[in-house]
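Below, each chain spelled out in residue letters.
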Number of protein chains: 2
Amino acid sequence: MYDHIKGFRDFYPDEMGARRQVIDTLEAVGRRYGFREVGTPALERTQLYVDKSGEEIVEELYAFTDQGERDVALTPELTPTVARMVVDKQQELSKPIKWFSTRPFWRYEEPQQGRFREFYQTNIDCFGSSEPESDAEILAFTADALTELGLTSGDFEFRVNHRGVLGGLLDSFDGVDVPSAIRAVDKSAKLDQADYHALLVDAGLTREQASTFDALLSTEDLSELTDFARTERLENAVTNLQDVLAATEDFGAREYCTLSLDTARGLDYYTGVVFECFDSTGEVSRSVFGGGRYDELIESYGGQPTPAVGVALGHAPLSLLLERADVWPEESFSTDYYVLQVGETRGVAARIVRELRALGHIVETDVSGRSFGAQMGYADSINAETVVIVGEQDLANDEVTIKDMNSGEQTTAPLDVFPPEAGRPTYEDYA
Amino acid sequence: MYDHIKGFRDFYPDEMGARRQVIDTLEAVGRRYGFREVGTPALERTQLYVDKSGEEIVEELYAFTDQGERDVALTPELTPTVARMVVDKQQELSKPIKWFSTRPFWRYEEPQQGRFREFYQTNIDCFGSSEPESDAEILAFTADALTELGLTSGDFEFRVNHRGVLGGLLDSFDGVDVPSAIRAVDKSAKLDQADYHALLVDAGLTREQASTFDALLSTEDLSELTDFARTERLENAVTNLQDVLAATEDFGAREYCTLSLDTARGLDYYTGVVFECFDSTGEVSRSVFGGGRYDELIESYGGQPTPAVGVALGHAPLSLLLERADVWPEESFSTDYYVLQVGETRGVAARIVRELRALGHIVETDVSGRSFGAQMGYADSINAETVVIVGEQDLANDEVTIKDMNSGEQTTAPLDVFPPEAGRPTYEDYA
């Protein structure tokens, strides 16, 4: 017997059916917003990630040298790939470029609850607008998708921040390594205060500055920040953040957003608004997923300067939230009809099967030469709603038997008018 | 600028939209047959393929050693994975087990027309029945899927054979390496007769036997075979092949099937009926895709003996057939509404956008702070059917302007009743 690989999962039909419902909902909402599906490769040049994140990223990748001596990696995220695609066709694509896709990604990390080495995301990105409406649209899409999945405003919150707020504040202290300090903020929720401040000191703040900075981040009044440091960067960031939140008001998503100045997002490529989705009850303790604005990535990949904003909904952490809120779809088969053959009735049974399928229904029939009882047991195992029994005796009477599998009631229907030309015939129609 | 990897493709929204329509159709037909979706990993132990196909398969794989020292490979096909999954849960799964999935696979082969290193397939498999109805159901699904895509019986044919016919015939000659001879048959269409016969001679036939064997395979009368060699294996194979074809008659797929005794399928794990789909016009010259019965694979993977039959529809060769038959879906955007803002009208425009989306429509609006003309140009570029203009003057009159983008006609609608609570309001409703 062969095992599957650690951190990789097999999805059998029950669970896959539930996942498919979730994916279909996310994608349907994305389509309504005018995001268009793209298809992207599983492998990219390893250099694409090294240039963005440094050599140390390779340790987290499934990276290898292919038979043509290319250094390649299984894609650990979508953003570099779609950025490359925008650069490749930037003259042809009309802006804003609004894309979505659902697919697996891979990282060599230690699996834990809600985290796997092969993990699925639905990514939504918009390229070509730096306006606050573009950020707000991403937040509104995300809120719509989550409420369409059955979550309510009591279930989740988006903690919203702006990279320029952190950067602008940090710039006001001399000699700080801003990216290091932002990474410290990103880790702060998982650290006690002393360790957090120690990281800030490592990044170049004094102990006193670290305390001041930490205290400033807990304000809910953005004017306290601009009072503290009147830099242009900070003032622009505060204005932009306020504009984005105002736009979420018009777009129906403001109620899901809370200001959260210690939300940083780990990735260095964010430049503007960033947000993370959290379980409001705290039962799912980590960030469920997040997104933000990355206005410099396209240019850094050799493209024309192109503002961009996006979100990556990770399905595994999202499923934890949906399960916690008791809105994970039911994991069970659904089957409209089982057409049961008794004796030499395959010809008629097959005709009925074909006509029911032509009406769009899910229909199974015997392909194993089984007894009446075995077929009935199988029909039950696939949750068939209606069993159509095509027996030799039925056919002798020019009829079929229609059995409702929920009540167990059965009746007959005339063979020459079953199935009808439209609809979804059930026991009730003939009783 | 970064390039994508040779043999890997980026799908931009136009092409992806067409591909998605094809995939949706294949999957919808599969669901109607009661096939259930499974989700499967991109990596498997390399050993899974080596045990099945020998060490030489590694040359065709994207195989590497992961950071945990596992020898792994990007999955080159689905069958070994689903066979492993059946073995893993064989006690729990009620039979027949009917599965489908759509996903990419990877092989390190030279790209050519219709063949890529990363390629997409929809796989359909049924485990647990050895009855001819199970083979016929796979053929019927495939025919239904192709006709649902717009192909007709004049467009494609399934060339059907049975491994036991080839094997049974070959068994009747002494000292033949049957798998080698079957591989020779598999290549015969691409070889001239002398080279083909030479391969048969390499497999252990005399030159005379090779000619006899080759001639026998061109018969359309199966009794000629059983007259030539009255082995039990051959007789069983001929009977099974006839039974499967009879079942396709009942299942509505007989008209798409032709007997083709030199159709072998390259893979050694096939044990019964095999078939390949060809372009009837011959314009797409190679086999489009194929499938067959593989009754021994589950047992060879350590499971209980479990018969199985399936088909893998490769999307790239299928697209060649669909394009040849002029039924490839149109590659263009479709958008129901663009809501155009003029002046400070974001609040009302956003309300209209939300209500139209709540009706299920695809709706875009300005997120880039653009002029009237630029917004109209964008609405045109995404093929918006209707533009709803929300201008300051419109709002002063308590109305919005509804523009039909096809005719260019426009009219106004009262703001308090637009959009209505249901439906798809257009210019005609207000003209």
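Per an unreviewed UniProt entry, chain A carries the name Histidine--tRNA ligase and comes from Halocatena marina. According to the UniProt record, the Catalytic activity (unreviewed entry) comment for chain A reads "tRNA(His) + L-histidine + ATP = L-histidyl-tRNA(His) + AMP + diphosphate + H(+)". Of chain A, the UniProt comment under Subcellular location (unreviewed entry) reads exactly: "Cytoplasm".

Q: How should I be thinking about the UniProt feature "binding site: L-histidine" (unreviewed entry) in chain A in this particular structure?
A: All names here are of chain A. As annotated by UniProt and renumbered to match this structure, "binding site: L-histidine" (unreviewed entry) occupies Glu77, Leu78, Thr79, Arg107, Gln121, Asp125, Arg265, Tyr269 and Tyr270. Within the secondary structure, arginine 265 is located in the loop between β8 (257–259) and β9 (273–279). Judged by relative accessible area, arginine 265 falls into the buried class, the value being 14%. Inspection of the secondary structure puts tyrosine 269 in the loop between β8 and β9. Judged by relative accessible area, tyrosine 269 falls into the buried class, the value being 9%. Discounting residues that sit within four places of it in the chain, tyrosine 269 has contacts with Lys52, Glu77, Thr79, Arg293, Tyr294 and Leu297. In this structure the side chain of tyrosine 269 is engaged in a polar contact, spanning 2.7 Å, whose partner is the side chain of glutamate 77.

Q: Which parts of the structure should I look at to understand the interface of chain A and chain B?
A: How big an interface is tends to be stated in terms of the accessible area lost upon association of its parts. The interface is formed by 92 residues belonging to chain A together with 92 residues belonging to chain B. Contact between chain A and chain B buries roughly 8200 Å² in total, counting both sides, with carbon and sulfur atoms accounting for 55%. Connecting chain A to chain B are 16 salt bridges. Here A:Asp250 ties to B:Arg346 by a salt bridge, and the two come within 2.8 Å at their closest N and O atoms. Run the count over chain A and chain B and you get 49 residue pairs in polar contact (both at pLDDT 80 or more). Residues belonging to the side of chain A that touches chain B are distributed by class as follows: 39 nonpolar, 19 polar and 34 charged.

Q: What is the right way to look at the relation of the copies chain A and chain B in this model?
A: These two copies of the chain differ by a rotation about an axis and a displacement along the same axis. In the superposition of chain A on chain B (RMSD 0.1 Å, axial shift 0.0 Å), the rotation amounts to 180°. Here the symmetry operator amounts to a two-fold rotation axis. No C-alpha of chain A lies nearer the rotation axis than that of A:Phe64, which sits 3.3 Å from it. Here 100% of the contact residues of chain A are again contact residues in chain B; the copies associate through an equivalent surface.

Q: Would you take a moment to explain the sheet that holds strand β10 (residues 289–293) of chain A for this structure?
A: The strands that make up a sheet are held in pairs by hydrogen bonds between backbone atoms, and each pair lies either parallel or antiparallel. Residues and elements named next belong to chain A. If you trace the eight strands from one edge of the open sheet to the other, you get β1-β5-β6-β11-β10-β9-β7-β8, paired in mixed fashion. The sheet is open, and its two edges are formed by β1 (36–37) and β8, each paired on a single side. Looking at chain direction, strand β6 (residues 118–127) and strand β11 (residues 308–314) are connected through seven bridges and run antiparallel. Within the sheet, the bridge partner assigned to cysteine 126 lies in β11 and is valine 309. Here helix α10 (residues 232–250) sits on the sheet in contact with β7 (156–162), β8 and β9, set at roughly 150° to β7.

Q: Would you take a moment to explain the packing of helix α6 (residues 178–187) of chain A against helix α7 (residues 193–202) of chain A for this structure?
A: Relative placement of two packed helices is described by the angle separating their axes and the distance separating the axes. Residue and element names in this part refer to chain A. The contact between α6 and α7 brings their axes to 8 Å, and the two run at 170°. Classed by the angle they form, the pair α6 and α7 counts as roughly antiparallel. Contact residues: Ala181, Ala184, Val185 and Lys187 in α6; Tyr196, Leu199 and Leu200 in α7. When the residues that make up the contact of α6 with α7 are grouped by side-chain class, the tally is six nonpolar, no polar and one charged.

Q: Any chance you could explain the side chain of A:Asn123 here in plain terms?
A: Residue and element names in this part refer to chain A. For asparagine 123, the position within the fold is in strand β6. Looking at asparagine 123, the relative accessible area reads 3%, which means it is buried. One polar contact links asparagine 123 to glutamine 121, side chain to side chain, over a distance of 3.0 Å.

Q: Mind showing me how you'd approach the sheet that holds strand β2 (residues 43–45) of chain B here?
A: Residue and element names in this part refer to chain B. The strand order β2-β4-β3 describes an open sheet built from three strands, whose pairing is antiparallel. Looking at the sheet topology across the chains shown, the edges are occupied by β2 and β3 (63–65). Between one strand and the next, the sheet's axes are offset by a mean angle of 35°, whatever the strand orientation. Both β3 and strand β4 (residues 71–74) contribute to a ladder of three bridges, which runs antiparallel. Among the inter-strand pairings, alanine 63 is bridged to a residue of β4, identified as alanine 73. Docked against the sheet, helix α2 (residues 46–53) engages β2, β3 and β4, running at close to 60° with respect to β2.

Q: Just to check I follow, could you spell out a negative patch on the surface for this structure?
A: Residues and elements named next belong to chain A. A cluster of acidic side chains, namely Asp14, Glu15, Glu323 and Glu331, defines a negative patch on the protein surface. Turning to its location among the elements, glutamate 331 is positioned in the loop between α12 (315–324) and β12 (335–342). For glutamate 331, a relative accessible area of 36% corresponds to the partly exposed category.

Thresholds applied
Residues numbered from 1 in each chain as written. Chains lettered and ligands numbered in written order. Predicted model: local features only at pLDDT ≥ 70, side-chain atom pairs only at ≥ 80, totals over all residues. Heavy atoms only, no water. UniProt positions renumbered as here; feature names shortened; annotations may be inferred. Helix = DSSP H or I, 4+ residues; strand = E, 2+ residues; numbered from the N terminus. Buried < 20%, exposed > 50% of the residue type's maximum accessible area, 1.4 Å probe, protein only. Contact = heavy atoms within 4.5 Å. Polar contact = N/O pair within 3.5 Å; in protein donor to acceptor, adjacent residues only side chain to side chain. Buried area = accessible area lost by both parts, 1.4 Å probe. Salt bridge = Lys/Arg side-chain N within 4 Å of Asp/Glu carboxyl O. Nonpolar A, V, L, I, M, F, W, Y, C, P; charged D, E, K, R; others polar. Least-squares fit on C-alpha atoms with pLDDT ≥ 70 in both. Pairing = 2+ DSSP bridges. Axes fitted to C-alpha atoms, helices over the stretch in contact; angles between N-to-C directions. Parallel < 35°, antiparallel > 145°, perpendicular 65-115°, else oblique. Patch = residues over 30% accessible without salt bridge, like charges linked within 9 Å, V, L, I, M, F, W, Y side chains within 5 Å. Areas by Shrake-Rupley, 256 points an atom, 1.4 Å probe, with all protein chains shown as cover. Lys, Arg positive; Asp, Glu negative; His and termini not counted. Charge placed at Lys NZ, Arg CZ, Asp CG, Glu CD.

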